[in-house]
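Survey of secondary and tertiary structure
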Amino acid sequence: MPTFFNYPFQSNGFIPHGHCYLWQTGLVWLHIISDATIALAYYSIPFLLIYFISKRKDVPFNGIFLLFGAFIIACGTGHLIDIWTLWHPDYWIAGGLKAVTAIISIYTAFALFYLIPQALILPSPAQLEAINRVLSSEILERKRIEKELRVAEEVAQNSSQAKSEFLANMSHELRTPLNGILGYTQILQRTESLSDKGRKGLSIIYQCGSHLLTLINDVLDLSKIEARKLELYPVDFYLPAFIDSVTEICRIRAEQKVIAFHVELDPDLPTGIHADEKRLRQVLINLLSNAMKFTNQGSVTFKVQVIGKESNGNGQTNYKIRFQVVDTGTGITPEQVEKIFQPFEQVGSQKRQSEGTGLGLAISQKIVLLMGGQIQVQSTLSKGSTFWFEAELPESKEWAKVSRVVEEGTIIGYQGQRRTILIADDKWENRSVIVNLLEPVGFTVVEASHGQEAWEQALAYKPDMIITDLVMPKLNGFELIERLRQSGPFKKIAVIASSASVFAIDQHKSIDVGADAFLPKPIEAETLLEMLRQFLQLEWIFDVKVDAIKKISTGGLDKQNEEMIYPAKEVLQQLLELAQDGDIQNILELAEQISANDNLDVFVQQLVQLASNFQLKRLETFIQEYIN
């Protein structure tokens, strides 16, 4: 060993290796060619390994490939050294190279020792082929399942579409007779002189018809939700009037149930907002009606608060408004809270469950989600519930241009020359409703039972406005409107499309072909009259006397009592005793007797109103005030 370190590169005293071959030319060249070929082959293998490793970096055995490459390079270099030593006896270098080769080979052997168990667990080609067959089978099965799912999804979509069309068509068929019921109810209320009992009967008919219409709309809304076609149509409107209309509807129900109804409004509420007025009203009335339904004593409180606002880049202010309904009713359990927003789920007593369809909260939740909020609830059984939601609503400065006209009284006519209205509808009952609404106000009404007849009547009478149904024989409403708009005399005439169809596409199509507005059925008298006022530039004539009578008949206990003339104390005492006994029949009979005195009309009307609605506690309070 010391000699090795003292003479690592000395070759003095050695003879070249070629002497061993006696410098025979054939033998020398044999060794040269053989060693050179082996060295070339050895050197090519590592380059191929390096190329393989660079392309397959995911192979877990790259380390052993590198060791094996180093070992082969050392072996190849050893063969080149053998050629060198034929002429140069550098045997120390040749021996050192062999030592390095030995070290690399030993290290590679140990690495292989630890690597072989890992390599043995690799799947064989046969196993890989079996795995590939299984995978291929699974892929085919998955494709089959996906195909079945697509077919099932298409079937479900077709079924949903068919259901939606069925519900929409049924809604159309139900709305048509409702148009007659609600229309003639309004006609009789406006034009006929009726007894108190008759007026109350008509009111009940109208309320029942309106309730039926609400149920139809609820079912239709549910089908739209399931088909993901429920959309919002925001408009600018006057917020205070909107809140008043919602609260007045619910205040009547509260008075009937003799419970307190409080309204708390934030003074910072905007005057006008941009939102879907119809859907927002639907949600609020649903929440308030539920609170009234499940509250037998105590109160219902409606709160509207501004909880935040911010200005956008257009100078518009976005308000975050919280609508909250608090009641002292029966309350619900945590288990029931999880179910109340599901369609057709109802909680509470069987009697209360029969009062609705179980769709109100489900539909309301979907509407609020479209508004970017969510209805939330906190409730304690037997103590009450709180429902609330928040919505971001942009402030509107243009609400005055689109707000509804405030009703000023009963319309009995209009200023100016007599106007002619053409009604085209294949159903006589629908035409009859509009005729009986408009003729008493002073319009000349011309009727047509189909589109072709309407065209002929238009040419003959030159009407000031045309109201046409969309689905008619011979010439439908769309074709009639297109023909009118293509004709010179009728290009600028006001045309209103009216239909019980609830398909939005029909409404949009009617506007696209040239209609100025869409009037849904059942027809609301106020909506129709407002369209006439708007398109014909009318100035209504109101009957002040009739309006005063209606105001008295619909008045409540909020009137100043000192303006009312009341009967003698003995009669009041008799009425009080009957009220305490719950004898409604005798109260009404006694009211009819004292109604002979003209000065007692206001008193009698309020007395009959309270007795007819069985508001006994309020009736006692009403009578007691005048006794005192």
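Residues numbered from 1 in each chain as written. Predicted model: local features only at pLDDT ≥ 70, side-chain atom pairs only at ≥ 80, totals over all residues. Heavy atoms only, no water.

Within the protein chain, the secondary structure is distributed over 22 helices and 14 strands. Of all 628 residues assigned to the protein chain, the portion counted as buried reaches 38%. Expressed as a percentage of contacts within the protein chain between residues at least 6 apart in sequence, the contacts between residues at least 24 apart total 72%. Carbon together with sulfur atoms contributes 57% to the accessible area of the protein chain, which is approximately 36200 Å² in total. (Helix = DSSP H or I, 4+ residues; strand = E, 2+ residues; numbered from the N terminus. Buried < 20%, exposed > 50% of the residue type's maximum accessible area, 1.4 Å probe, protein only. Contact = heavy atoms within 4.5 Å. Areas by Shrake-Rupley, 256 points an atom, 1.4 Å probe, with all protein chains shown as cover.)

A cluster of nonpolar side chains, contributed by Leu128, Ile131, Leu135 and Ile139, occupies part of the molecular surface with about 340 Å² of accessible area. Within the secondary structure, Ile131 is located in helix 5 (residues 125-191). Taking relative accessible area as the criterion, Ile131 reaches 41% and is therefore assigned partly exposed. (Patch = residues over 30% accessible without salt bridge, like charges linked within 9 Å, V, L, I, M, F, W, Y side chains within 5 Å. Salt bridge = Lys/Arg side-chain N within 4 Å of Asp/Glu carboxyl O.)

Below, the discussion takes up the nonpolar core. Leu280, Phe302, Phe323 and Phe389 are the most contacted members of the largest nonpolar core, which has 41 residues in total. Looking at this core, the elements with two or more residues in it are helix 7 (239-257), strand 3 (272-275), helix 8 (277-293), strand 4 (299-311), strand 5 (317-327), helix 11 (360-370) and strand 7 (384-394). With 7 residues, helix 8 is the largest single contributor of residues to this core. Residues Val433, Phe443, Ala525 and Leu536 belong to the second largest nonpolar core, which totals 28 residues. (Core = buried A, V, L, I, M, F, W, Y, C linked by side-chain atoms within 4.5 Å.)

With that settled, the discussion passes to the side chain of Thr295. Relative to the assigned elements, Thr295 resides in the loop between helix 8 and strand 4. Classification of Thr295 as buried rests on a relative accessible area of 0%. Leave out the neighbours within four places in its chain, and Thr295 touches Lys257, Ile259, Val300, Asp327, Thr328 and Gly329.

Its 12 residues give helix 17 (residues 525-536) an end-to-end C-alpha distance of 16 Å, which sits within 8% of 16 Å, the value for a rise of 1.5 Å per residue. Buried within helix 17 are the following residues: Ala525, Leu528, Leu529, Met531, Leu532 and Leu536. Each buried residue of helix 17 sits inside an arc of 155° when the element is viewed along its axis, so together they form one side. Looking at the residues trailing helix 17, positive phi occurs at Gln537, about 55°. (Expected span 1.5 Å × (residues − 1). Arc of directions from axis to C-beta.)

By the definition in use, this model includes 5 aromatic pairs. Relative to Phe389, the ring of Phe323 lies with its centre 5.2 Å away and its plane at 25°, an arrangement referred to as stacked. Note that Phe323 is positioned in strand 5 and Phe389 in strand 7, a separation of 66 residues in sequence. With respect to class, Phe323 is no different from Phe389; both count as buried. Seen in terms of ring centroids, Trp455 and Phe490 are 5.8 Å apart; in terms of plane orientation they differ by 65°. Their pairing is edge-to-face. One end of the pair, Trp455, is in helix 14 (residues 451-461); the other, Phe490, is in the loop between helix 15 (477-486) and strand 12 (494-499), with 35 residues separating them in the sequence. On the accessibility criterion, Trp455 (14% relative accessible area) is buried. (Phe/Tyr/Trp six-rings, centres within 6.5 Å; stacked < 30°, edge-to-face > 60°.)

It is worth spelling out the pattern of salt bridges at this point. When the charged atoms of two side chains lie near each other, side chains of opposite charge can form a pair. In total, this model carries 9 salt bridges according to the counting rule given. In this structure, the salt-bridge partner of Glu148 is Arg144, at a minimum N-O distance of 2.4 Å. Remark: Arg144 and Glu148 occur in helix 5; sequence separation between them is 4 residues, near one turn of the helix. For Glu148, a relative accessible area of 43% puts it in the partly exposed group. A salt bridge links Arg431 to Glu447; its shortest N-O distance comes to 3.0 Å. Pair noted here: Arg431 is in helix 13 (residues 428-438) and Glu447 is in strand 10 (residues 444-448), with a separation of 16 residues, a long-range link. Given the relative accessible area of 12%, Arg431 is considered buried. A residue is classified by how much of its surface remains accessible, and Glu447, at 34% relative accessible area, is partly exposed. Among the charged side chains, a salt-bridge network with shared partners connects Glu141, Arg144 and Glu148.

With that settled, the discussion passes to the sheet that holds strand 12. One open sheet accounts for 5 strands, arranged 10-9-11-12-13; its pairing is parallel. Bordering the open sheet on either side are strand 10 and strand 13 (517-520), each of which pairs with just one other strand. Across the sheet, the axes of successive neighbouring strands diverge by a mean angle of 20°, strand direction being ignored. In this structure, strand 9 (residues 420-424) lies alongside strand 11 (residues 465-469), joined through 4 bridges in parallel fashion. What sits directly across from Ile423, in strand 11, is Ile467. Docked against the sheet, helix 13 engages strand 9, strand 10 and strand 11, running at close to 170° with respect to strand 10. The strands that helix 17 touches are strand 9, strand 11, strand 12 and strand 13; relative to strand 13, the one it contacts most, it runs at about 165°. (Pairing = 2+ DSSP bridges. Axes fitted to C-alpha atoms, helices over the stretch in contact; angles between N-to-C directions.)

A separate point is unusual backbone geometry. Backbone geometry places Lys474, a non-glycine residue, at a positive phi of 65°. Take Lys474: it is sitting in the loop between strand 11 and helix 15. At Gln537, a position not held by glycine, the phi torsion is positive, near 55°. Checked against the element boundaries, Gln537 lands in the loop between helix 17 and strand 14 (540-543).

Looking now at the packing of helix 8 against helix 11. Here helix 8 crosses helix 11 at 140°, and the two axes come no closer than 9 Å. Looking at the two axes, helix 8 sits oblique to helix 11. In this structure, helix 8 crosses over helix 11, and the sense of that crossing is left-handed. Contact residues: Arg279, Gln282, Val283, Asn286, Leu287 and Asn290 in helix 8; Gly360, Leu361, Ile363, Ser364, Ile367 and Val368 in helix 11. For the contact of helix 8 with helix 11, the per-class residue count stands at 6 nonpolar, 5 polar and 1 charged. (Parallel < 35°, antiparallel > 145°, perpendicular 65-115°, else oblique. Left-handed = near helix turned anticlockwise from the far one by under 90°. Nonpolar A, V, L, I, M, F, W, Y, C, P; charged D, E, K, R; others polar.)

Taken by themselves, the reported measurements are silent on function.
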